[in-house]
Each structure stands twice: as C-alpha cells, then as structure tokens.
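Observations on chain architecture
The residues making up each chain are set out below.
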Amino acid sequence: MGVLDDFPRAHDHVLREVDLPTREAFARFDTGQRPTEDDGERRLFGRWAQLRLSLGHEGGHDYDADLLTIVREVADGDTPWTADDARFLWSAANALMTWRHTNYQELYRIPLAAVRRLDHGRRRRVLQWYPDWFRRWHRPVWDALQEELEAVLTEPAAHGPAGAVRNLIWDCDPVACAMAEEYGTRLADPAVLPLLRHWNTARSSKPSGRWLKTAKALLTPEAAGLVREILALVARHREQALDNDYTYTATVFLHERTAVPVRGMVWTCELIDEPWVTQLLGDVALTCGTGIGGSGANCRSEMLANAAVNVLSRRGGLDTVAALARLQVKVRKKSVLANVARTLDAVAAQAELSREELLDRTVPTFGLGPDGVREEKIGDYLVRLCADGLALRFVNPAGRTVKSVPQAIRKEPALAELKATLKELKQALPAERFRLERALIEERLWCWSQVTEFFLDHPVTGPYARNLIWQIPQGPAGLPVRTDTGWELSDPQGRRVQPDPDTQVRLWHPIRETADDVRTWRDHLLDAGVRQPYKQAFREVYLLTPAEERTRTLSHRFGGHVLRYGQAKALLNQRGWTGLSIGHWDYECGGDQGEAIKELSGWQARWGMHIAGDAEADGWGTASFSAAEDIRFHREGQRTSDRDGWLPAEGVPLTEVPPLVLSEVFRDADLAVGVASVGLDQQATGGHEDYWHSFGFGELTETARTRRDALARLLPRLKIADRSELSDRFLRVRGDLRTYKIHLGSGNILMEPNDAYLCIVPGADRDARAVFLPFEEDGGMLSVILSKAFLLADDTAITDPSITRQLAA
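All figures in this text were calculated on a predicted structure; none of them were measured in a lab. (Residues numbered from 1 in each chain as written. Predicted model: local features only at pLDDT ≥ 70, side-chain atom pairs only at ≥ 80, totals over all residues. Heavy atoms only, no water.)

**Side note on the pattern of salt bridges**
- Inspection of the entire model under this criterion finds 61 salt bridges.
- Between Arg300 and Glu239 there is a salt bridge, and its shortest N-O distance comes to 2.5 Å. Placement of Arg300 in the loop between helix H19 (276-289) and helix H20 (302-315) and of Glu239 in the loop between helix H17 (221-236) and strand S1 (240-241) is noted, with a sequence separation of 61 residues between them.
- The exposure class assigned to Arg300 is buried, which follows from its relative accessible area of 12%.
- Using a relative accessible area of 17% as the deciding quantity, one classes Glu239 as buried.
- A network of salt bridges, in which partner residues are shared, links Arg433, Glu437, Lys535, Arg539, Glu540, Arg575, Lys598, Glu664, Arg667 and Asp668. (Salt bridge = Lys/Arg side-chain N within 4 Å of Asp/Glu carboxyl O. Helix = DSSP H or I, 4+ residues; strand = E, 2+ residues; numbered from the N terminus. Buried < 20%, exposed > 50% of the residue type's maximum accessible area, 1.4 Å probe, protein only.)

**Some words on the packing of H19 against helix H21 (residues 321-330)**
- Interaxial distance between H19 and H21 falls to 9 Å at its minimum, and their mutual angle equals 15°. The pairing of H19 with H21 is recorded here as roughly parallel in orientation. With respect to the hand of their crossing, H19 and H21 are arranged in right-handed fashion. The segment H19 lies against H21, with Thr278, Gln279, Gly282, Asp283, Ala285 and Leu286 engaging Ala323, Arg326, Leu327 and Lys330.
- For the contact of H19 with H21, the class distribution of residues is four nonpolar, three polar and three charged. (Axes fitted to C-alpha atoms, helices over the stretch in contact; angles between N-to-C directions. Parallel < 35°, antiparallel > 145°, perpendicular 65-115°, else oblique. Left-handed = near helix turned anticlockwise from the far one by under 90°. Contact = heavy atoms within 4.5 Å. Nonpolar A, V, L, I, M, F, W, Y, C, P; charged D, E, K, R; others polar.)

**Describing the sheet that holds strand S3 (residues 373-378)**
- In spatial order, the strands read S3-S4-S5-S6; together these four strands make up an open sheet with antiparallel pairing. Every other strand in the sheet has two partners, leaving S3 and strand S6 (401-402) as the edge strands with one partner each.
- Sheet topology places S3 next to strand S4 (residues 381-386); six bridges connect them, and they run antiparallel. Considered in S4, the bridge of Val373 is made with Cys386.
- On the sheet, helix H24 (residues 413-441) packs against S3, S4 and strand S5 (393-395) and is oriented at approximately 160° with respect to S3. (Pairing = 2+ DSSP bridges.)

**Section: the packing of aromatic side chains**
- This model, assessed by the stated rule, comprises 22 aromatic pairs.
- With centroids separated by 5.4 Å and ring planes inclined at 80°, the aromatic side chains of Trp692 and Tyr757 adopt a geometry described as edge-to-face. Within this pair, whereas Trp692 is found in helix H31 (residues 689-697), its partner Tyr757 is found in strand S22 (residues 756-758), the two being separated by 65 residues in sequence.
- Take Trp692: its relative accessible area is 9%, and that puts it in the buried class.
- Connected via pairs of aromatic rings, a cluster forms that spans Trp90, Tyr108, Tyr130, Trp133 and Phe134.
- Above the plane of the ring of Trp142 lies Arg135, whose end atom (NZ or CZ) is 4.8 Å from the centre. (Phe/Tyr/Trp six-rings, centres within 6.5 Å; stacked < 30°, edge-to-face > 60°. Lys NZ or Arg CZ within 6 Å of the ring centre and 35° of its normal.)

**Section: the sheet that holds strand S10 (residues 486-490)**
- Spatially, S7-S12-S8-S9-S10-S11 is the arrangement adopted by the six strands of the open sheet, whose pairing is antiparallel. The two strands at the open ends of the sheet, each matched to only one other strand, are strand S7 (446-447) and strand S11 (496-497).
- As paired elements, strand S8 (residues 470-471) and strand S12 (residues 504-507) share two bridges and run antiparallel to each other. In the strand pairing of S12, Gln471 is matched with Arg506.

**Here we look at the pairing of S12**
- Here S7 pairs with S12 via two bridges, running antiparallel. Within S12, the residue paired with Trp446 across the bridge is Val505.

**Let's talk about the nonpolar core**
- Core analysis: the biggest nonpolar cluster contains 87 residues, and Trp607, Phe633, Leu758 and Leu792 have the highest contact counts within it.
- Looking at this core element by element, the count peaks at ten residues for helix H30 (residues 659-676).
- Aside from chain neighbours lying at most four places away, what touches Phe633 is Trp603, Gln604, Ala605, Gly651, Val652, Leu654, Val657, Val661, Leu662, Val665 and Phe666.
- With 68 residues, the next largest nonpolar core counts Leu193, Trp199, Ala235 and Trp276 among its residues. (Core = buried A, V, L, I, M, F, W, Y, C linked by side-chain atoms within 4.5 Å.)

**Notes on the packing of H21 against helix H22 (residues 334-350)**
- At a minimum axis separation of 10 Å, H21 and H22 run at an interaxial angle of 150°. Classified by the interaxial angle, the pair formed by H21 and H22 is roughly antiparallel. Crossing of H21 against H22: the hand is left-handed. Residues Val321, Leu324, Leu327 and Gln328 of H21 pack against Leu337, Val340, Thr343, Leu344 and Val347 of H22.
- Considering only residue class, the contact of H21 with H22 consists of seven nonpolar, two polar and no charged.

Encoded structure:
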C-alpha cells in the first residue's frame, strides 16, 4: 500500500493538499526510489517521509528502524524548506497526533527541523496557534515539545529591543509591529519590560485585585506615557487586509496576541490619575466597539471595547458620561451597549438621577461661550472654535480670516490643544443630534427650566434645540425665542407663550397633530428659513392601512422589496436595530434568513429578511441582496415559556401598538428601502428587472410623499418654477430639447413622449446647492432630484457626452 493509503481518512484535509505531480512523486518513493538532488524533489521526499509515520487508523507508538533512519536523515539534512512545506508537515503531524500516534519526538522531528530553516517571523506564522493548543488540549505533546518550541520561537539577544518585544507579543498585525519597531527600545527597557510581561497576562475578562496590585508596583511615569501613546495608536488604527498568513480572515483589526497586552494597558489606566485617561478610554472603546468600516451590529474587538467601558465604570464620575454617550450613538453590539447602559446607570445612581437626566447635565461645553464661539489668542493670530464644529478659523493681525493654519503658529501647543478639542466637538455633535431625535421618539418630558438650562442655553446642544418645535402637552407649541425675560415659544402666527419653570414640555411630533397643523408648521419653517437638525415638521407619519387591519398581527407594507443587504443593515444599525445577519452558510439551520430587531418604549419590532442573491456570485459568504418580509410587533418581555427566550411567531394585533411606536418603526423600514433598494440603481440588477421598474417608476412610499410635499412648497420659489410641475409620482421638467419626468421616489428619469429612460449619475449642481432645504443635508434624494431638475431645465447647456448621446437618441 502507498503512503496515502495508510493515512487516516478522517484527516483528508491533509491529503487534499497533495496534487497530482506530488502523488506521482510519492508513488516513486513508495517503491523505494530515492530523491534526486533537485530541491523540490528533496522537499517532496521530506513530506513523504512525514506521511510514512502513519501507523494507520489504530495509531501506536513504535516505528520500524529503517523508517526512523529515513526520518532522522531528512531532519538532519539541509533540505531548503519553505513556509508551505512547514505548514504541511505540522498539519500532517498534528493529524496523526490526534489519531492516537504517541511517539511525539519522532512525529515532530521533521516539522521542527523544517521550521528552524525559516526566519522568526515565518516561524511564528507557521506555529501561531500550536503552543496554546498543545498547552490547553494536548498536554503530553506540550510536555514533550515545550523546550524545543520555546527555543525555536525565541529571537536571540542580537535582534535587540525589537526582538525582545516580539518574543512577548509577536508581530501579527500593524499595531504589534509598531510596538516592536517604534516603541521597542522603550518597551524593552529594564524598567518597563516586566510590566509588558504583566500586560501579556491580561487573559481574564476583568483584572483581579492581585493583578492591579502588581501593575501598580511596576508602573512608572515612562510606562504611563507608553500607555497613552500606544492606546492612542490603537484608537487611530483601522482594520487591514493582511496577507501574512496569521489568519484565514482577510480583514483583521487586532490579532489576539496583540489584543491581550493592549487589554493590560487598558486595565492599567485605572491606576493612572491623569486628565487624558477618560477621553482616551472613550476613543479606544469607540474604535473597538464599532464594526468593520465603522458600522454594523458587530464590533472590531468586543474584548477591548468592554475592557475600556469597565475601566470607565470603575473610575466613575461625571467626566465619564460624555465618552459613554458617544458610544451609545455609534456602537450597535448588544453586549457592549448593555455594558455602557449599566455604567451610565451606575454613575446616574451616584448622582441620584436617571440615565437620561445624567446625560442632559453632562454635555461638555468645550469652552464655548453663550454665542457658541471660543476664541484663543495664539501668537499674533486669533483662533476661533465654533459650535458648528467644521474647522478652526484663523484671523490674522490685519483682521482678515485665512483658510489654512498660519505657519507661525503651527507648532504651538495651544493650537494642538484646540485641534484636540475640535475633534472632541465633532464627535459630540452627532451624539447630541441623535439624543434629541431619540427624545422625540421616546416622548420624553422635561420641566421648562430644564429645557432652557440644558438645551436652549447650551452652546453645543442649543443650535439644534433652538430649531426644534417644543410643546406643552395638550397645549400650545412653538419654536424657542429668546426675550429679555427669558425663553418663549412662538407659533406660526407669532403668538407667544412663556411656560412657567415647572411646566412640563416635550418635543412636538406630527403623529399627534391634525393635517392642517402640520401643513402650517411646514409652511412656516420654509418661510422663516429654519433648518431642523432632523425631520420633525416634515417627519413622515405612518398610519394603519385597511390591509394591515385585515392581516391583524403583521404588516406586509415593506415586504417584497429587494435591498442591498450591506447598506440596509448599516442604516438599520444606525437607527438602533440589531440582530440581522444572513448569508450563504448553514442553510439547514436558517443562515439564509434572519430578523432585524428594534426595541422602543416597551415594544419590540421584528422585520424578517431572506437572501435574494446568487450564492456563487456572493462567494458563499455574506449576502449581497436581501428580500424584505413582514414586520411584527411584540411587547418586551413576551416569551413562549420560562424555558427559552423565543418569541411567538404571531405578534400582537397592530391596533394595540401605540401609533407613535408603529409610525417610527415603519419610518425606519421606509428609510432602509429608500436608501438600499436596488430600484435606485442606474440600471436594473440582474434577476431583479421587474422589481427595478416597479420601484423606480411606481407608487410613492410615505418618505417620497413627504418629499413631494416639500417640493410643492419649494417649486414656486425656484427659478425653474415656470418649467416645472408636479404630478402624483413625478416632477415634470420642460427643457428646450425634451420634457423629462423625474420619479419622486427613486430619482429615475423618463423622457417624453416615449418614456425613454435617461441615465444620469447624481452630481452637485450649483443652483440646486443654493436651494434652502428645511430638513435635508447634501446628498439626500431631495437634493438629487433638484440637481437633476436644474440640469434638465437647461438641457441645451449639457456637455457631458454620456448624457447628450441619450438626448440625441
């Protein structure tokens, strides 16, 4: 029998690496033929000798003396092994070891010889998991090989400080490489190296008192400085596609061997009493807690994110709140969010406040004055930091504002401090906008004195809060107006009321108002030029339809839409949905189906989705396209039994769901469809042509109807008003060459008289940019439609050949 016939079939992953030329060489060696002097032939003979160590399916310990002679001859020779050879040899040896082959010295003689021929970096790549694997699960193997494995993985002293650091943390990712190459001299200093070794033991979920005591004894000012610099490096670091064979995953943030000492540094922050610690821990938690690419329900390193949050929790104090609030905005991983919530609750309990009340009181001002401006004199220049958080502004001695940083002050420490403050302000602004929108959705109530102190008068939150409509429950509503006697609320007719300090107020929501009141507010915002931080007056409202009343416990309103899965998931994650993960894996257990889940005001919404794409095209991985299914609602805490946590398939009747909860859930779904539908593509996606046409030119969704309402108010103010008119689904624009119909949902264009499709990639039109939009920033569909309308109204001026060819045709 040949060498391949004797090898245990349970480990055919080893045999799958044997190609046809190799099989032919093995067959020659099976007949007793020796290898030639060719390097490739000698390496194949070494592989054959390793496979010959198989004692069959029963395993065993003793080998024939002739075979051992061959094995030792190969191991002691000068075969020019490659990393691929070493990987194969170790894989084969491990397969036999797990199949009850117990002569470990002989079994691993050739693999050890092969790996010794490699440099230390490649040795680590080949052996990356094996030491821990042996130590945990195959202790007899570890006892037999420990000394040789440690020797082969340890760089000599001649490799200097970088080698000493690599001996501890290896070089599995860019952060580890930087720690060795850039920080090696400092980390390998005798005063710091013991602490690095201690950091490398941070393998539990939380530090013990003994661990912290040891860290405190080893901590020096130099080590504290290194903690600050390396954790800042981690906070800036982003995942990269690695081809260094350390992992089968193409995109890696931090290898486990790097994450462990980094967690030790995070734990050590508990012992450092410096003002930079809290902000830095927040930065680390934010980077590690968000998903690959900065979004998603997973996170780059759950281990490090939770470690940083835990240290913030143990440090306590109100100064941790701003960092934790940022995490609530960006992080979607449930375990990390739960940890953040527990920490905020603990800090709030210390202050005898609720979590939301705590956040109200702890928004930093960043040194901004009541007017939202902070000015610093640096050298001969005045540097301004403004509440819009866009950039620093520089005023020269002549009083003129200059765009770039003046050369004379570029290295001033005060400027570096202002730049750091600007970075923090940019992170705080979306957190405040998110918090105000969440307050609208959750129907929070405040006393008027709290609104004025924590919102209207606050230099960061104020610019947002002052452009929102506030309401006394069952009473008047208005935009805030500052007067000599304090803040008042002014309605569209100019009538004002000044609530008493203890009067309860909340943010106005159109679901509670009549259609006439909503129209009045929309007209007023346009007339007054008020741009709201999010859709409030122009917010879509979703009411139950007769069809949903008939289906009773489910809504199929958004079912059947074909979405770009990655886009849809990212948007839903941003809106607070979790749990969605579908792909071409484990079909038998439902890997091709899933649900997005949102919890709101004591209710849980579940939106089903399934794969709508080709597995081959997706590489049998994450789905590219998904098809939306029904939405159902459940009361939070509802369970089928005490034994498990499954919710019943049938939800509660939709008529029992509070109107605001139902409307906001449907709004999220509509936003996902409006952003991620393949019907928005410039051309139909293969296999979805019918859907593309029906969505691209069909009936409008509630979001598109709100867009139409805004356009009806905007068009009379535009210079193309005499060339434009609105129909039910289209904005009709009359050019000099053709007349065009722009769909108000997809932005797709048809040309009259034959409804020929016109493909225009959205661009930035100067006239469109100048139009005031009451709720939408650049890049939204309303901006796209206006940009196309201005372009087509003056179609004789179009020079882009990709467009003119279509017009001529």
